[in-house]
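Letter by letter, the chains look like this.
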Amino acid sequence: MAARAKVDAPVVRSMDFQLTAKEARAAPDVVTGSVLVNGISALVLFASGATRSFVSLSLNNRFFDTLGELDYPLDVEIANDFHVRVSRVHHGCALELFSERYSIDFVPIPLRESKAIVGMDWLSPNGGND
């Protein structure tokens, strides 16, 4: 049996993951609002410094679709050097903004509140570079 090579997971760091709603409203690179995610009203942080989009475990548990696998595991620094390695993703979730529906992939991670963090990864697939 061949030995499996160790795969180093990319590391994602962001202070946005554990911001409270009040702290997020004061952060210059974060926009917050109540938005429908898969038809569920949720606090959403739009974080220009985040390269991926994440969903809290409590909101994740309310999704009906099946989790898929990421192409590679991802190490996420949540707060104070606390890391989690994630390998699951919800592909094709619905993010509704101003009566428009956008497709977005959410990676579930432990977060303080029932919320989602929208990084910049959803723009290109939805025509954000046009």
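Residues numbered from 1 in each chain as written. Predicted model: local features only at pLDDT ≥ 70, side-chain atom pairs only at ≥ 80, totals over all residues. Heavy atoms only, no water.

**Brief notes about the overall build of the protein**
Part 1 of the reasoning: The secondary structure content of the protein amounts to 2 helices and 8 strands.
Part 2 of the reasoning: Its helices and strands taken in sequence order, the protein reads β-α-β-β-β-α-β-β-β-β from the N to the C terminus.
Part 3 of the reasoning: The burial tally for the protein puts 42% of its 130 residues in the buried class.
Part 4 of the reasoning: Look at the contacts in the protein between residues 6 or more apart in sequence, and 56% of them connect residues 24 or more apart.
Part 5 of the reasoning: Summing over all exposed atoms, the protein offers an accessible surface of approximately 7,700 Å²; the carbon and sulfur share of this is 52%. (Helix = DSSP H or I, 4+ residues; strand = E, 2+ residues; numbered from the N terminus. Buried < 20%, exposed > 50% of the residue type's maximum accessible area, 1.4 Å probe, protein only. Contact = heavy atoms within 4.5 Å. Areas by Shrake-Rupley, 256 points an atom, 1.4 Å probe, with all protein chains shown as cover.)

**Details of the nonpolar core**
For soluble globular proteins, nonpolar side chains are generally found buried alongside one another.
Part 1 of the reasoning: Grouped together as the largest cluster of nonpolar side chains are 16 residues, with contacts concentrated most on Leu 95 and Phe 106.
Part 2 of the reasoning: Tallying contributions element by element places strand β3 (residues 40–47) first for this core, with 4 residues.
Part 3 of the reasoning: Core analysis: the second largest hydrophobic core is formed by 15 residues, Val 84, Val 86, Val 89 and Ile 117 among them. (Core = buried A, V, L, I, M, F, W, Y, C linked by side-chain atoms within 4.5 Å.)

**Some thoughts on the pattern of salt bridges**
Part 1 of the reasoning: Applying the stated rule across the entire model yields 2 salt bridges.
Part 2 of the reasoning: With its nearest N and O atoms 2.4 Å apart, the salt bridge here joins Glu 69 to Arg 88. Note that Glu 69 is positioned in strand β5 (residues 68–79) and Arg 88 in strand β6 (residues 82–97), a separation of 19 residues in sequence.
Part 3 of the reasoning: The class for Glu 69 is partly exposed, based on a relative accessible area of 45%.
Part 4 of the reasoning: Ionic pairing is found between Asp 75 and Arg 85, a salt bridge with its closest N-O pair at 2.8 Å. In this pair, Asp 75 is assigned in strand β5 and Arg 85 in strand β6, connecting sequence segments 10 residues apart. (Salt bridge = Lys/Arg side-chain N within 4 Å of Asp/Glu carboxyl O.)

**Points about the side chain of Ser 53**
Part 1 of the reasoning: You can see Ser 53 is positioned in the loop between β3 and β4 (54–56).
Part 2 of the reasoning: Among the polar contacts made by the side chain of Ser 53, one reaches the main-chain amide nitrogen of Gly 119 at a distance of 3.0 Å.
Part 3 of the reasoning: The contacts of Ser 53, once residues within four sequence positions are left out, are Ile 104, Asp 105, Phe 106, Val 107, Ile 117, Val 118, Gly 119 and Asp 121. (Polar contact = N/O pair within 3.5 Å; in protein donor to acceptor, adjacent residues only side chain to side chain.)

**What to know about the pairing of strand β8 (residues 115–118)**
Part 1 of the reasoning: Burial along β8 is two-sided: Lys 115 and Ile 117 facing one way and Ala 116 and Val 118 facing the other are all buried.
Part 2 of the reasoning: Where β3 meets β8, 4 bridges bridge the pair, whose relative direction is parallel. The partner of Val 44 across the bridge, within β8, is Ala 116. (Pairing = 2+ DSSP bridges.)

**A closer look at the environment of Gly 49**
Part 1 of the reasoning: Here Gly 49 lies in the loop between β3 and β4.
Part 2 of the reasoning: For Gly 49, a relative accessible area of 49% translates into the label partly exposed.
Part 3 of the reasoning: Each C-alpha atom, one on Gly 49 and one on Met 120, is 7.7 Å from the other, the two residues being 71 residues apart in sequence.

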